[in-house]
Amino acid sequence: MSFSILILDNVDPLAEKVFEERGIKVTRNHNLSGEELHQEIKKYDGIVVRSSTTVSADLLKSAENLKVVGRAGVGVDNIDIEAATAEGILVMNTPDGNTVSTAEHTCGMILALARNIPQSVDRVKNGGWDRKKYMGTEVHSKTLGIIGLGKIGAEVAQRMREFGMTVKAYDPFASVEKAESLNIELLELDELLGTADFLTVHTPLTEKTKGLVSLENADKLKKGMYLVNCARGGIYKEEDLSQLIDNGYVAGIALDVYSQEPPNEALYKQLKHPHIISTPHLGASTEEAQEKVAEQIAYQMSDALEQKNFKGSLNGKSISLITNKEVQPYLKLAEILGSAAIQLAPENANNFSFEYSGACAQYSDVLTDSILKGMLSHHVSESVNLINARHYADDRGLKIRETKVSDTKTFNDLITVTFGEDADYQTISATVFGEDDYRIVEIDGYGIELRMEGDIVMYQNVDKPGMLAGVSGAMAKQGINIGALSLGRTDKGSNAITAVSVDKELTEEELKPIIELDGVNALKYISLNN
Ligand SMILES: NC(=O)c1ccc[n+]([C@@H]2O[C@H](COP(=O)([O-])OP(=O)(O)OC[C@H]3O[C@@H](n4cnc5c(N)ncnc54)[C@H](O)[C@@H]3O)[C@@H](O)[C@H]2O)c1
Ligand SMILES: O=C(O)CC[C@@H](O)C(=O)O
């Protein structure tokens, strides 16, 4: 299968090189208007962006063939991941390609702030020589407070410690072991705000981190401290920046990122403040970082399109397992079982439980996605895949309960789907023999053994002589050939379940004479042709 990619932002040419080596056609276009992009995107299997293109829900809706959105970088705030997930589109980023560059830029900003480097350079360029005005401060023996001790935060910590700084951090999700290994004391947020001489943030912009420092909590800051933000605009409340300085809370602020890029007029006005220094989102702008992220995203997207590897995927977390040879038969089993189960279940059933027994239980997450894919493909007109199956299930109000059992009793692996207590049929179990022999092995506690393929007529019948002859006779009269058959019962003379595999697709008309036979109840026709 041949794929095509559209590069929308200024990504290093190494990306093209990698895609082309992998036999993938690449087009680069940075100048599409909104309407043109909505049309153009339809042709592509993948798009590559940095931060300039907004990948909105609306755009993703037009992208009929899109399978993957690649972000050459870390932050994905310009991509509507929820909408991509709903559309079954994979979103990937390159989590560490620009870590070192951004950490170095942050360290540069800390030093530039401490020594008024940008302001004094500017002064000299304009023919001035104001040595007194640009008196600075040493970072040595000062405390660096880091909010967000992830990849960049940790790199900044290591570098600034070499300058003689004491490093403390706040990160509710960082492990104590990690902090200890970096020799960093973890503090509560307010404690860190009151301790740090320099505060640098390295978190994503979230509800929790938005406006983390503002006039509202400014009295918690150590007086005269410095603020640095090379993470995401808005973590320090932008409207308050100048006042934080003018009211004496903060000595200076260094920014690389803004809530709107380029900034709007009001923000530009703030950035003119003599104690605010700013760069135009340059953290990752080094040749090395851009080469790394371009190369990484191209490899990752090529692998994902070829279903080889899903490294860097931010949605469809379990799909990385689909390349695992051991999981593949279970995935197929789960999908066919989901399809069989939904055809057997009563209309409007919305409570399902999935039970996994044996070795397959360790993959229950992705197997649940796969059962849902099989179930929903009967109900949802859009294409359902492992990325969006749960989204559609939630959307339709399906309630899913998952259990795992290690003891399988009879089979090495068994998956059971249960749906509804008062229905004609309530549960179906299936297993896989070898690599691709998928079998129904139990319906409502009746042992059955039938391959899960083609067209199956399932009915309950009174366990009495002549039932089978009646059904096969009704089929023979209509030229319906029986391929295989399995009959399960509990006690002699009570009820039985019969599953008949037939050689062709049956119509309602053809099923009618069978349904009307005396002793045949609850007939269901199951098609497992896809
Ligand atoms: N300026 C640039 O050009 C540039 C380049 C790369 C990354 N970034 C940005 O830098 C930020 C950090 O990137 P990273 O690669 O280090 O990410 P990361 O995922 O490795 O680290 C983020 C850290 O933030 C912590 N965190 C999350 N919520 C928090 C909260 N409420 N309070 C405290 N800590 C919290 C997480 O636990 C994690 O340790 C991201 O926003 C990224 O988009 C900017
Ligand atoms: O592409 C860029 O230069 C932005 C990089 C950075 O903000 C990121 O999140 O990776």
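Residues numbered from 1 in each chain as written. Chains lettered and ligands numbered in written order. Predicted model: local features only at pLDDT ≥ 70, side-chain atom pairs only at ≥ 80, totals over all residues.

The name that an unreviewed UniProt entry assigns to the chain is D-3-phosphoglycerate dehydrogenase, with the source organism given as Fodinibius salicampi. In UniProt, the chain has this text filed under Pathway (unreviewed entry): "Amino-acid biosynthesis; L-serine biosynthesis; L-serine from 3-phospho-D-glycerate: step 1/3." The heading Sequence similarities (unreviewed entry) in the UniProt record of the chain holds the text "Belongs to the D-isomer specific 2-hydroxyacid dehydrogenase family." (UniProt positions renumbered as here; feature names shortened; annotations may be inferred.)

Enquirer: Would you mind going over the overall build of the chain in detail, with residue names and values included?
Expert: Across its full length, the chain holds 17 helices and 22 strands. Relative to the 2.2 N^0.38 estimate, which gives 24 Å for 530 residues, the radius of gyration of the chain is 31 Å and therefore markedly larger than a compact globule would have. Taken along the three principal axes of its C-alpha coordinates, the chain extends 110 × 45 × 35 Å. Relative to its full complement of 530 residues, the chain shows a buried share of 42%. Pairs at least 24 apart in sequence give 65% of the contacts found in the chain among residues at least 6 apart. (Helix = DSSP H or I, 4+ residues; strand = E, 2+ residues; numbered from the N terminus. Rg over C-alpha atoms; globule rule 2.2 N^0.38 Å. Buried ≥ 20, exposed ≤ 12 C-beta atoms within 10 Å, placed from the backbone. Contact = placed C-beta atoms within 7 Å.)

Enquirer: Hey, could you go over the site of ligand 2 for me, with residue numbers and the actual values?
Expert: Around ligand 2 lies a shell formed by Arg50, Ser51, Gly73, Val74, Gly75, Asn98, His281, Gly283, Ala284 and Ser285. A class-by-class count of the residues in the shell around ligand 2 yields two nonpolar, seven polar and one charged. (Near = placed C-beta within 6 Å. Nonpolar A, V, L, I, M, F, W, Y, C, P; charged D, E, K, R; others polar.)

Enquirer: I'd love a proper account of helix α14 (residues 364-376), names of residues and values included.
Expert: Because each turn of an α-helix spans 3.6 residues, side chains separated by three or four positions end up pointing in the same direction. The end-to-end C-alpha distance of α14 is 18 Å, a good match for the 18 Å that 13 residues give at a rise of 1.5 Å each. Burial within α14 is extensive, with twelve of its 13 residues counted as buried. Among the residues of α14, Ser364, Val366, Leu367, Thr368, Asp369, Ser370, Ile371, Leu372, Lys373, Gly374, Met375 and Leu376 are the ones counted as buried. (Expected span 1.5 Å × (residues − 1).)

Enquirer: Tell me about the domain arrangement of the chain, and name the residues and values.
Expert: You can read the domains of the chain as domain 1 (4-94 + 288-312), domain 2 (99-278) and domain 3 (328-528). Averaged C-alpha coordinates put domain 1 and domain 2 at centres separated by 32 Å. Counting residues at the interface gives four residues for domain 1, matched by four residues for domain 2. Within the side of domain 1 that touches domain 2, the residues separate by chemical class into one nonpolar, one polar and two charged. (Domains from an automatic or database assignment.)

Enquirer: Can you lay out the environment of isoleucine 184 for me, pointing to particular residues and giving the numbers?
Expert: Note that isoleucine 184 resides in the loop between α8 (176-181) and β8 (185-186). Sequence separation between isoleucine 184 and proline 513 is 329 residues, and the spatial gap between their C-alpha atoms is 78 Å. Those residues in contact with isoleucine 184, other than ones at most four positions away along the chain, are Leu149, Ala157, Val167, Lys168, Ala169 and Ala179.

Enquirer: Would you mind going over the site of ligand 1 in detail, with residue names and values included?
Expert: Near ligand 1 lie 31 residues; those nearest to it are Gly75, Gly148, Gly150, Phe173 and Gly283. Of all the elements in the fold, those that place two or more residues in the shell around ligand 1 are α5 (99-114) and α7 (151-161). Ranked by residues supplied to the shell around ligand 1, first place goes to α7 with three residues. Taken together, the residues of the shell around ligand 1 break down into 13 nonpolar, 13 polar and five charged.

Enquirer: Go over the sheet that holds strand β22 (residues 520-528), please, and point to the residues and values.
Expert: To summarise the sheet geometry, strands pair through backbone hydrogen bonds and adopt either a parallel or an antiparallel arrangement. With antiparallel pairing, the four strands of this open sheet are ordered in space as β20-β21-β19-β22. Across the chains shown, the open sheet's two edge strands, defined by having one partner strand only, are β20 (482-489) and β22. Taking each pair of neighbouring strands and ignoring which way they run, the sheet shows an average axis angle of 15°. Against the sheet, helix α17 (residues 508-515) contacts β19 (454-462) and β22, and its axis sits at roughly 150° relative to β22. (Pairing = 2+ DSSP bridges. Axes fitted to C-alpha atoms, helices over the stretch in contact; angles between N-to-C directions.)

Enquirer: Talk me through unusual backbone geometry; I want residue IDs and the actual numbers.
Expert: Omega for the bond connecting glutamate 261 with proline 262 falls within 30 degrees of zero, at -10°, which places this linkage in the cis form. Within the element layout of this structure, proline 262 appears in the loop between β11 (250-255) and α11 (265-271). The backbone of aspartate 444 shows a phi angle near 45°, a positive value even though the residue is not glycine. A count of 19 C-beta atoms within 10 Å places aspartate 444 in the partly exposed class. The phi angle at alanine 522 is positive, at roughly 45°, despite the residue not being glycine. Taking the number of C-beta atoms within 10 Å as the measure of exposure, alanine 522 has 15 and is therefore partly exposed.

Enquirer: Talk me through the sheet that holds strand β17 (residues 437-443); I want residue IDs and the actual numbers.
Expert: A sheet is described by the order of its strands in space; here six strands give the open sequence β14-β13-β15-β16-β17-β18, paired in mixed fashion. A single partner strand is all that each edge strand has here, and the edge strands are β14 (399-405) and β18 (446-451). Sheet twist, expressed as the average angle between the axes of neighbouring strands with direction ignored, equals 20°. The pairing of β17 with β18 spans four bridges and is classified as antiparallel. Along β18, the bridge assignment pairs isoleucine 440 with leucine 450. Along the sheet, helix α13 (residues 328-344) contacts β15 (413-419), β16 (427-433) and β17; its crossing angle with β16, the most-contacted strand, is approximately 155°.

Enquirer: Which residues make up the packing of α13 against α14, and what values do they have?
Expert: As a packed pair, α13 and α14 sit with axes 6 Å apart at the nearest point and diverge in direction by 40°. With respect to α14, the element α13 is oriented oblique. In this structure, α13 crosses over α14, and the sense of that crossing is right-handed. Taken together, the residues of α14 that come into contact with α13 (itself represented by Tyr330, Leu331, Ala334, Glu335, Ile336, Leu337, Gly338, Ser339, Ala341 and Ile342) are Val366, Leu367, Ser370, Ile371, Leu372, Lys373, Gly374 and Met375. Classifying every residue of the contact of α13 with α14 by side-chain character gives twelve nonpolar, four polar and two charged. (Parallel < 35°, antiparallel > 145°, perpendicular 65-115°, else oblique. Left-handed = near helix turned anticlockwise from the far one by under 90°.)

Enquirer: So, the pairing of strand β5 (residues 90-93): which residues are in play, and what are the values?
Expert: Neither face of β5 is open: one carries Leu90 and Met92, the other Val91 and Asn93, and all of them are buried. Taken together, the four bridges between strand β4 (residues 68-71) and β5 define a ladder with parallel strand orientation. The residue of β5 that forms the bridge with arginine 71 is asparagine 93. Each parallel crossover has a hand, and for β4 linked through helix α4 (residues 81-86) to β5 it is right-handed. (Right-handed = clockwise from strand over helix to strand, strands pointing away.)

Enquirer: Quick rundown of the pairing of β15? Include the residues and the values.
Expert: Buried residues dominate β15, accounting for five of its seven residues. Relative to β16, β15 runs antiparallel, the two being bridged by four bridges. Counted as the bridge partner of threonine 418 is threonine 427 from β16.

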